[in-house]
Amino acid sequence: MDKLMYYLQFDFVKYALVVGVLIALCASLLGVTLVLKRYSFIGDGLSHVAFGAMCIATILKLSSNTILVMPVTIVVAVLLLKNSSTSRFKGDAAIAMLSVTSLAIGYLLMNTFSTSANISGDVCSTLFGSTSILTLDKSEVIVCIVMAVLVIALYVLLYNKIFAVTFDETFCKATGVPAGIYNFAIAVIIAVIIVMGMNLVGSLLISALIVFPALAAMRLSGTFKGVVIISVVFSVVCALAGMIISVLYSTPVGATIVSVDLVCFIVACIVGRFIIKLT
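Since the model is a prediction, treat every value here as computed from it, not as a measurement.

### What about unusual backbone geometry?
- Phi at Ser 250 is positive, roughly 60 degrees, even though this residue is not glycine.
- Along the chain, Ser 250 turns up in the loop between α12 (224-249) and α13 (253-278).

### Concerning the packing of helix α3 (residues 42-60) against helix α11 (residues 206-218)
- Contact pair α3 / α11: the axes reach a minimum separation of 8 Å and the direction vectors enclose 165 degrees. Here α3 lies roughly antiparallel to α11, going by the angle between them. Along this stretch, α3 crosses α11, giving a crossing that reads as right-handed. On α11, the residues touching Gly 43, Asp 44 and Ser 47 of α3 are Ile 206, Ser 207 and Ile 210.
- Considering only residue class, the contact of α3 with α11 consists of 2 nonpolar, 3 polar and 1 charged.

### Some points on the confidence of the model for the protein
- Summarising the model, the protein shows a mean pLDDT of 80, and 85% of its residues fall at 70 or more.
- The least confident element of the protein is helix α6 (residues 119-128), whose mean pLDDT is 61; the most confident is α12, at 91.

### A look at the side chain of Ser 246
- Along the chain, Ser 246 falls in helix α12.
- What Ser 246 contacts, discounting residues up to four positions off in sequence, is Thr 251, Pro 252, Val 253 and Thr 256.

### Brief notes about a nonpolar patch on the surface
- Taken together, the side chains of Leu 220, Val 263, Val 267, Val 271 and Ile 275 define a hydrophobic patch exposed on the protein surface, amounting to about 360 Å² of accessible area.
- As for its placement among the helices and strands, Val 263 is situated in helix α13.
- A residue is classified by how much of its surface remains accessible, and Val 263, at 49% relative accessible area, is partly exposed.

### What about α12?
- Taking 1.5 Å as the rise per residue, α12 with 26 residues should run 38 Å; its terminal C-alpha atoms sit 37 Å apart, in good agreement.
- Downstream of α12 by a residue or two, Ser 250 has a phi angle that is positive, lying close to 60 degrees.

### Things to note about the packing of helix α2 (residues 11-36) against α11
- Where α2 meets α11, the axes come as close as 7 Å, and the angle between the chain directions of the two elements is 65 degrees. Between α2 and α11, the interaxial angle falls into the category roughly perpendicular. Considering only the axes of α2 and α11, their crossing is right-handed. Contacts between α2 and α11 involve Ile 23, Ala 27, Ser 28, Gly 31, Val 32, Leu 34, Val 35 and Leu 36 from the first element and Leu 209, Ile 210, Val 211, Pro 213, Ala 214, Leu 215 and Met 218 from the second.

### Here we look at the packing of aromatic side chains
- Counted under the stated rule, the structure contains 7 aromatic pairs.
- Between Tyr 6 and Phe 10, the ring centres sit 5.3 Å apart and the planes meet at 85 degrees, which makes this aromatic pair edge-to-face.
- A network of ring pairs unites the aromatic residues Tyr 155, Tyr 159, Phe 163, Phe 167 and Phe 224 as a single cluster.

### So, the nonpolar core
- Core analysis: the largest hydrophobic core is formed by 73 residues, its most contacted members being Leu 30, Ile 42, Leu 46, Tyr 155 and Ile 190.
- Beyond its immediate chain neighbours, meaning those up to four positions away, Leu 46 contacts Thr 73, Val 76, Ala 77, Leu 80, Ile 190 and Ile 194.

### Concerning helix α7 (residues 138-157)
- In a regular helix each residue adds 1.5 Å, so 20 residues correspond to 28 Å; α7 covers 28 Å between its end C-alpha atoms and thus fits that length.
- Buried residues of α7: Val 141, Cys 144, Ala 148, Val 151 and Tyr 155, and no others. Along the axis of α7, the buried residues cluster in a sector spanning 90 degrees; they form a single face. Away from its buried face, by an angle of more than 90 degrees, α7 presents the exposed residues Lys 138, Leu 150 and Leu 157.

Quick notes on the rules
- Residues numbered from 1 in each chain as written.
- Predicted model: local features only at pLDDT ≥ 70, side-chain atom pairs only at ≥ 80, totals over all residues.
- Heavy atoms only, no water.
- Helix = DSSP H or I, 4+ residues; strand = E, 2+ residues; numbered from the N terminus.
- Axes fitted to C-alpha atoms, helices over the stretch in contact; angles between N-to-C directions.
- Parallel < 35°, antiparallel > 145°, perpendicular 65-115°, else oblique.
- Left-handed = near helix turned anticlockwise from the far one by under 90°.
- Contact = heavy atoms within 4.5 Å.
- Nonpolar A, V, L, I, M, F, W, Y, C, P; charged D, E, K, R; others polar.
- pLDDT = per-residue confidence, 0-100.
- Patch = residues over 30% accessible without salt bridge, like charges linked within 9 Å, V, L, I, M, F, W, Y side chains within 5 Å.
- Areas by Shrake-Rupley, 256 points an atom, 1.4 Å probe, with all protein chains shown as cover.
- Salt bridge = Lys/Arg side-chain N within 4 Å of Asp/Glu carboxyl O.
- Buried < 20%, exposed > 50% of the residue type's maximum accessible area, 1.4 Å probe, protein only.
- Expected span 1.5 Å × (residues − 1).
- Phe/Tyr/Trp six-rings, centres within 6.5 Å; stacked < 30°, edge-to-face > 60°.
- Core = buried A, V, L, I, M, F, W, Y, C linked by side-chain atoms within 4.5 Å.
- Arc of directions from axis to C-beta.

This is the structure:
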């Protein structure tokens, strides 16, 4: 505890904890919808697309990678959700192709055109998370807070529509609800979360923040609202615990958070089975 209080005296640790909690909260909100729509791996696919876009932005020496990464990720997310049921390539196949292609092209371009002296280190930190989460300045934290507030506000405002689209998109269309617009909103929110979360856990692990809390919550609640609330609590607690462990024991941030998420999921499964037996 003394060691933790010592580290909390530094602003960069406080900034990292705030950003980490906000990213985890936002990711858990959409995780329930993606899992129920059987689109759990969209986070994985989009994070790989973001990795490829980030490699291109790095090579072009853009002042901010987000200028390129954010719009590219949003466009791909919209196309994936829009064409998942009409395209020849269904959602899982499209995501698989995008994941492999984006990773391969991104790594190829980095090796071919990058002038960095440590390409392997740069790629590894991007894929598995880096220490950049511990080097955030005040302006970056403010941007993250603003984006998180927008994501949460949009989700709350569209909650009923997202609920309807999640369970029966066909019925929504039949009753005149513009399901396409709400799918577009979901895609934009997902893309924003992916780009926000890459510095925290890396592009290979971001899907864990989306999937694990939702799956754990589903073991303990049978209602959509209950699952969303429990998922948010699990995600925030696991992210906070993972980051504190990482700071105290110098473990990789992303891998530590995902490991805590896994433990939380296992505990939820055990408790869920016990509840079922009691009822």
